[in-house]
Amino acid sequence: MRTTYSDACVGVVDLCKIAAANPYGSICKLAGKAWIPVKGFESHLDDELALQAHGLPERMWRFSSASEGHSDFKLNDSTVQSSKLVYCEGIEREVFWKQLCWEEPFVVRFRSIGEAAELLRAIQRNWAHYPLNCFRRAELIGEKLPYISKKEKAFPYTVPLAGMGVWSLLDEHTLLASAKTSSPFPLGVIRFTEDHQNPPSRAYLKLWEALTLLDFYYRRAAEQKGGAVPSVIPVEWALPQRGSHCVDAGACPGGWTWVLNNLGAEITAIDRSPLADFLMREPRITFMQHDAFTLTPESLGKQDWVCSDVICYPPRLLEWVERWRASGLCSKFICTIKMQGAPDFDTIRRFAEIPHSKIVHLTANKHELTWLCAPFIDE
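Note that the structure is a prediction, hence the values are computed from the model and not measured.

(A) A look at the sheet that holds strand E16 (residues 357–360). In spatial order, the strands read E13-E12-E11-E14-E15-E17-E16; together these seven strands make up an open sheet with mixed pairing. Unpaired on one side and paired on the other, strand E13 (285–289) and E16 mark the two borders of the sheet. Mean inter-strand twist for the sheet, computed between neighbouring axes without regard to direction, equals 20°. By the bridge criterion, four bridges tie E16 to strand E17 (residues 368–373) in an arrangement that is antiparallel. Along E17, the bridge assignment pairs serine 357 with cysteine 373. Strands strand E11 (245–249), strand E14 (305–308), strand E15 (333–338) and E17 of the sheet are contacted by helix H9 (residues 314–327), whose axis makes an angle of about 165° with E15. Set on the sheet, helix H10 (residues 345–352) makes contact with E15, E16 and E17; between it and E16 the angle comes to about 140°.

(B) Representation of the confidence of the model for the chain. Of all residues in the chain, 88% have pLDDT values of 70 or greater, and the mean over the chain is 89. Between residues 1–13, whose pLDDT stays under 50, and residues either more than four places distant or in other chains, the model counts 40 contacts. Across residues 67–82 the pLDDT falls below 50, and counting only partners more than four positions away or on other chains, this stretch makes 33 contacts in the model.

(C) Fine view of the state of the cysteines. A full pass over the atoms with the stated rule returns zero disulfides. Among the cysteines around cysteine 312, which has no disulfide bond, cysteine 335 carries the closest sulfur, lying 9.1 Å off. Among the cysteines around cysteine 373, which has no disulfide bond, cysteine 330 carries the closest sulfur, lying 8.7 Å off. Judged by its relative accessible area of 4%, cysteine 373 is buried.

(D) Spotlight on the side chain of glutamate 89. Looking at the element boundaries, glutamate 89 is found in the loop between strand E5 (85–88) and strand E6 (100–102). Here glutamate 89 falls in the buried class, since its relative accessible area comes to 14%.

(E) Up close: the pattern of salt bridges. Taken as a whole and assessed by the stated rule, the structure comprises 15 salt bridges. Here glutamate 139 and arginine 136 are joined by a salt bridge, their closest N and O atoms 2.9 Å apart. Taken together, the positions of glutamate 139 and arginine 136, both in helix H4 (residues 135–143) and three residues apart, correspond to about one turn of that helix. Note that glutamate 322 and arginine 325 form a salt bridge whose closest N and O atoms lie 2.9 Å from each other. Taken as a pair, glutamate 322 and arginine 325 lie in helix H9 at a separation of three residues, close to a single helical turn. The exposure class of glutamate 322 is partly exposed, given its relative accessible area of 31%. The class of arginine 325 is partly exposed, set by a relative accessible area of 33%. Three or more residues are tied together by salt bridges with common partners; here these are Lys206, Asp309, Lys338 and Glu368.

(F) Molecular detail of the packing of aromatic side chains. Applying the stated rule across the entire model yields 16 aromatic pairs. By way of ring pairs, the aromatic residues Phe155, Phe192, Tyr204, Trp208 and Trp258 are connected into one cluster. Between the NZ or CZ atom of lysine 358 and the centre of the ring of tyrosine 217, over which it lies, the distance is 5.5 Å.

(G) Fine view of the environment of glycine 142. Its place among the elements puts glycine 142 in helix H4. Residue glycine 142 is classed as partly exposed on the basis of its relative accessible area, which comes to 33%. Separated by 29 residues in the primary sequence, glycine 142 and isoleucine 113 have C-alpha atoms spaced 9.2 Å apart.

(H) Spotlight on unusual backbone geometry. Across the junction of phenylalanine 155 and proline 156, the peptide omega takes the value 0°, indicating a cis bond. Considering the arrangement of structural elements, one finds proline 156 in the loop between H4 and strand E9 (164–171). Residue proline 253 is reached from cysteine 252 by a cis peptide bond, and omega for that bond is 0°. Relative to the helices and strands, proline 253 is located in the loop between E11 and helix H6 (255–262). Positive phi, close to 50°, is recorded for cysteine 134, a residue that is not glycine. In this structure, cysteine 134 sits in the loop between strand E8 (126–129) and H4. Positive phi outside glycine occurs at leucine 187, with the angle close to 60°. As for its placement among the helices and strands, leucine 187 is situated in the loop between strand E10 (174–178) and helix H5 (204–224).

Reading the values: rules and limits
Residues numbered from 1 in each chain as written. Predicted model: local features only at pLDDT ≥ 70, side-chain atom pairs only at ≥ 80, totals over all residues. Heavy atoms only, no water. Pairing = 2+ DSSP bridges. Helix = DSSP H or I, 4+ residues; strand = E, 2+ residues; numbered from the N terminus. Axes fitted to C-alpha atoms, helices over the stretch in contact; angles between N-to-C directions. Contact = heavy atoms within 4.5 Å. pLDDT = per-residue confidence, 0-100. Disulfide = S-S within 2.5 Å. Buried < 20%, exposed > 50% of the residue type's maximum accessible area, 1.4 Å probe, protein only. Salt bridge = Lys/Arg side-chain N within 4 Å of Asp/Glu carboxyl O. Phe/Tyr/Trp six-rings, centres within 6.5 Å; stacked < 30°, edge-to-face > 60°. Lys NZ or Arg CZ within 6 Å of the ring centre and 35° of its normal.

What follows is the structure, encoded as structure tokens:
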């Protein structure tokens, strides 16, 4: 079946009624976006949306799972911490406290399980199901779509460049979906097969995920240039690898240093406390017992990557990053923006405004965001 997009947008509360006002199979694009909140930090998403809307947005809908005893679809005038999905209009700038953003959501009515699967397949191949309602019926639709593995991934993992969409059922005949999302991972989540023996801390999982995303952005940029990786793109785009020079600030006990060392990089690891003993003996690792933020970029010299997992207030991290950028000694960064109490939305936005950068909430992040910056990342 060939699907057609209409120009209809949200004009009434009930999205099911909007879908029902159009013929079966006619895709109705919505005016806003939808977000899956980060579990445990739902209020941060609400606060971000309220800041952009200068108060309570006029059109905000919250979707909750029927399995939790909530209605499948409802409009709330107050924060509901149990909400599984938030739809809102009038939000122009990127929102950061989310697991996944549904960038271009639409609703569509369908007659049968087969028709629902055909509607999605006609748009693109890859779709991840986000359960909201009609779970058994959704499972049957999912069985007719291309298989998306939920297994843990071994690092390094190459993320497919094909788009990853998301869909849910509002009722037994209404799909809510978005072919374009904010993450190449299904539902914005990736889980790795953990190494319980070698790394000195679980912080390595954050760097594994960050590097997996960077590899995806790197290959996508190369594809958009119409060439192959890596011959047609500048050498300064290279990811951490053998021969790379990297700074790891706040390195103790060495989770990130361990990852970079395994990639063959030359690492300057900086912290007030030493690394795990076995890392202190590694020949490619130079340890400096120091406050990384009091060291000038010029004292450390030209670097391919500057990484930071330092516990500090976000403005201090931003000031340090800006010194590095101004020095011209590094253009690629992986930094954790750790919240000390309430989220610092102003500093987060200032990080986001830096060219060629992206802010993400990684699967392994908690009350923190991760800032990625490299020449191959979209502005």
